[in-house]
Amino acid sequence: MEYFAQQLINGVTLGSIYGLIAIGYTMVYGIVGMINFAHGDIFMVGAFLALIIYLALAALGVAFAPLALLIVLVLAMALTALYGWTVERIAYRPLRGSFRLAPLISAIGMSIFLQNYVQVAQGARVKPLPPVVPGYFWQSDGADGFIVNISNVQVIIVLTTIVSMLGFWLIVAKTPLGRAQRACEQDSKMAALLGVDVDRTISLTFVMGAALASVAGLMYLLYYGVADFYIGFVAGVKAFTAAVLGGIGSLPGAMLGGLLIGLIETLWSAYFSVEYKDVAAFSILVIVLIFLPSGLLGRPEVEKV
Amino acid sequence: MADTAPAQPSHPLAAALRDALITALVALGLAAPMMGLVTVQGPDGLRLDPHWQRVAIAVAVVFLGRFALNLTIWRPGARRSASFVPPRVEATLAKLARWLGPIAIAMAIALPFLPGVERYTVDLAILVLTYVMLGWGLNIVVGLAGLLDLGYVAFYAVGAYSYALLAQYFGLSFWVCLPLAGILAAFWGVLLGFPVLRLRGDYLAIVTLAFGEIIRIVLLNWYWFTGGPNGIGGIPRPSFFGLDFTPGPGGFAATFGLKFSGLHRIIFLYYLILTLALITNFVTIRLRRLPIGRAWEALREDEIACRSLGINTVNTKLTAFALGAMFAGFAGSFFATRQGFISPESFVFMESALILAIVVLGGMGSQIGVAIAAVVMIGGFELFREFKDYRMIVFGAVMVGIMVWRPRGLVSSRSPSVFLKEKKAISGALVQEGHG
């Protein structure tokens, strides 16, 4: 039971990270109708930027961890958002109105580009970071011989995720920008006719998605303590799975899907085999798409002639 | 940023400069942390190494490039032509293209015996032809049927492992395994295709990607059967219809009264892959004229219309999938016998992306385009071997660039398979590709 509880805690932590990335997929799919294949690599770029900024702050002598992390978070979000904006600008905007698969192929090219750009710029080695926030928030008494740990990092990850999701939800639900986004999602042509700047809205959607991905990148860095140029691919596919599982286009769905994928992956690793944990995640993607194409919380798609 | 020019009419030079400055500023923001501060493993943990010089270079290149473009191609009022190549030139090229195929085939047949051709050239030609064959195989799935397959390399892997394992466990020869590998790959194509073919284009793409990764991970972790990351070595080389390429009596050279040379096997492999590739091409061209081929192309154009006309979309998609997979299986078993060693390393997602890039760059659905693209791409990779990391950056950028400037690929005209009185090539922009 204690073992299970521990896995549950780990799963929720991992799921939070996936959920944050999945938001980017689901929003872009909702508005533009394309799979932003490079989003996983934006997450990777976010993790790297967070690492670089953290090290720069350390070199400048900012030693107080909460302050440093806050600065890292804000700066990494801003810079990763710039990456997201540029990617949309260069690789996706010129393709609006092109044939259906063009943006996807362009996105694959962008993903390869970003991966190798980071590899060349930062080196191919895995970058280890010593634990920034050590210690445990809570530990069980271990009466059954197994101690359940909730580390400080895990608490930070879950709290940050909740806060960023709330902030994000407020933007989508309560601001004019969010209204424009929802309008574009429903019918971008009609929204354009009614004076919504569709291009700007889409750009800002990419910016928001990238900012959330960079939050996920920082969390990943804190949790695992490593980053390399390849983390974006697998994390991206899993986050996409999460988005599909929750129902693509649905924001609560992305979070729910992220949590489920995180839990399934952790439990699978704990009880079956670590080697096949990616197979488990990918199989879920296949199964969901076959039997539940609109996901858990998504609207079924109507095929139009 | 060209379209966000200031509303008030300002001097074009000033506007171009302003725009270039903004772009350079963005580039500075992108490059400064990522390229300027490099994380290096020091004795006591990570530290940062400043590399401001390359940031300066990158920003300068962006600024000057943008400025030059603003003054030339993107200057306000400049006319944008739909294509780089004027229509008349393209028509002439199309006429030439009719001869291009036969000439290319004749060249390919003569290649090993041309003067100045060394072992290295033939080796490279074998590699190029393998990708030409894979490109043609994927072209059936992506170009003709319009199904985006991101896990094509999985079938290549199935073919390679089929031969390697059959040879290892049952001692079967290459010539028995070649058709078996094709059949097994086609079988896997049907098996994987059947549940997912109801999905729309981009969903299908992601699911095929997932399948590709699943197969690779299984190959990687199934130690006792596939050797895991160590792969399978000592795969038997092909024989010339029973005659081995060995020195001494009974070998190929002795039987034909030739002096033994290691080149014989290379040349034989070359003709083998050339034959396989041409068979792929021939089958594809023929199938396009059959009802099934027409059904593929109709499916690509409009799936709902297809269904309304009574075409069985599931069977149509499955045959495309299975045939594409079969050719990948053939290519895979050829790859195994040529290398003599295979491991899951050779079947990563990048390979799928590369084959897809060849098909897309060549112009989806165009046979000659795919062949040209394979030569350009693989030849280019080989040419820039020293710039190992940079060539992948260029590869990614080229993929984006092709989609932005020439989404129909290099050869963008399509010749119809059915015509009334006169055969007219139509522009690729008129076909829908990839409705899925």
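Starting afresh in each chain, residues are numbered from 1 along the sequence in its written order. In the order they appear in the text, chains get letters beginning with A and ligands get numbers beginning with 1. The model is predicted, so local features are restricted to residues of pLDDT at least 70 and side-chain atom pairs to those at 80 or more, both for listing and for counting; the totals for chains, interfaces and linings are taken over all residues.

Quick look at the overall build of chain B now. A run of DSSP states H or I qualifies as a helix once it reaches four residues; a run of E qualifies as a strand once it reaches two. Both are numbered from the N-terminal end. Across its full length, chain B holds 16 helices and 4 strands. Out of the 436 residues in chain B, the part that is buried amounts to 42%. Two residues qualify as being in contact provided that their C-beta atoms, derived from the backbone, are within 7 Å of each other. Long-range contacts, defined here as pairs at least 24 residues apart, represent 74% of the contacts in chain B between residues at least 6 apart. Once C-beta atoms are placed from the backbone, each residue is buried if 20 or more other C-beta atoms lie within 10 Å of its own, exposed if 12 or fewer, and partly exposed for counts between those two.

Once that is clear, we can look at the interface of chain A and chain B. Taken together, the contact between chain A and chain B spans 58 residues of the former and 51 residues of the latter. Looking at the side of chain A that touches chain B, the elements that each hand over two or more residues are helix H2 (39–60), helix H3 (65–92), helix H4 (102–122), helix H9 (231–246) and helix H11 (277–291) of chain A. For the side of chain A that touches chain B, the element with the highest residue contribution is H4 of chain A, accounting for 16 residues. A class-by-class count of the residues in the side of chain A that touches chain B yields 43 nonpolar, 9 polar and 6 charged. Only Asp, Glu, Lys and Arg are considered charged, only Ala, Val, Leu, Ile, Met, Phe, Trp, Tyr, Cys and Pro nonpolar, and every remaining residue, Gly among them, polar.

Quick look at the nonpolar core now. Looking at soluble globular proteins, one finds that nonpolar side chains tend to be buried together. Each nonpolar core reported here comprises buried Ala, Val, Leu, Ile, Met, Phe, Trp, Tyr and Cys residues connected via C-beta atoms within 7 Å. Within the largest apolar cluster, 220 residues are counted, with the highest numbers of intra-cluster contacts made by Ala47 of chain A together with Ile358 of chain B. Looking at this core element by element, the count peaks at 15 residues for helix H8 (residues 198–224) of chain A. Each domain's limits were defined by an automated method or a database of domain assignments. Counting only domains with at least three residues in this core, you end up with domain 1 (2–71) and domain 2 (91–430) of chain B. Those residues in contact with isoleucine 358 of chain B that sit more than four places away from it in its chain are Tyr131, Gly135, Val370, Ala373, Ala374 and Met377 of chain B.

Residue and element names in this part refer to chain A. Helix length check: H8, at 27 residues, gives a terminal C-alpha distance of 38 Å against a target of 39 Å (1.5 Å per residue), a fit within 8%. With respect to burial, H8 is a largely interior element, 20 of its 27 residues being buried. One or two steps after H8, the chain reaches glycine 225, where phi turns positive at roughly 75°. Take the number of residues in a helix, subtract one, and multiply by 1.5 Å to get its expected span.

With that settled, consider the confidence of the model for chain B. Averaged over every residue, the pLDDT of chain B is 83; residues scoring 70 or more account for 88%. Reported confidence for the predicted complex is 0.87 by ipTM and 0.88 by pTM. Confidence of the predictor at the level of single residues is given by pLDDT, which spans 0 to 100.

We now examine the packing of helix H5 (residues 152–170) of chain B against helix H6 (residues 174–196) of chain B. All names here are of chain B. Running from amino to carboxyl end, H5 crosses H6 at an angle of 140°, the nearest separation of the two axes being 8 Å. Considered as vectors, H5 and H6 are oriented oblique to each other. The chirality of how H5 crosses H6 is right-handed. Touching Phe155, Val158, Gly159, Ser162, Tyr163, Leu166 and Ala167 of H5 are Phe174, Cys177, Leu180, Ala181, Gly182, Leu184, Ala185, Trp188 and Gly189, all from H6. Split into classes, the residues belonging to the contact of H5 with H6 amount to 12 nonpolar, 4 polar and no charged. Lines fitted to C-alpha atoms define the axes, with helix axes restricted to the stretch in contact, and inter-axis angles between N-to-C directions lie between 0 and 180 degrees. Orientation labels follow simple angle bins: below 35 degrees gives roughly parallel, above 145 gives roughly antiparallel, 65 to 115 gives roughly perpendicular, and whatever is left gives oblique. The hand of a helix crossing depends on one turn: near helix anticlockwise from the far one by less than a right angle means left-handed, and clockwise means right-handed.

Another aspect to go through is the confidence of the model for chain A. Per-chain confidence: chain A averages 88 in pLDDT, with 98% of residues scoring 70 or above. Between the elements of chain A, mean pLDDT differs from a low of 82, seen in strand E2 (residues 136–139) of chain A, to a high of 94, seen in H8 of chain A.

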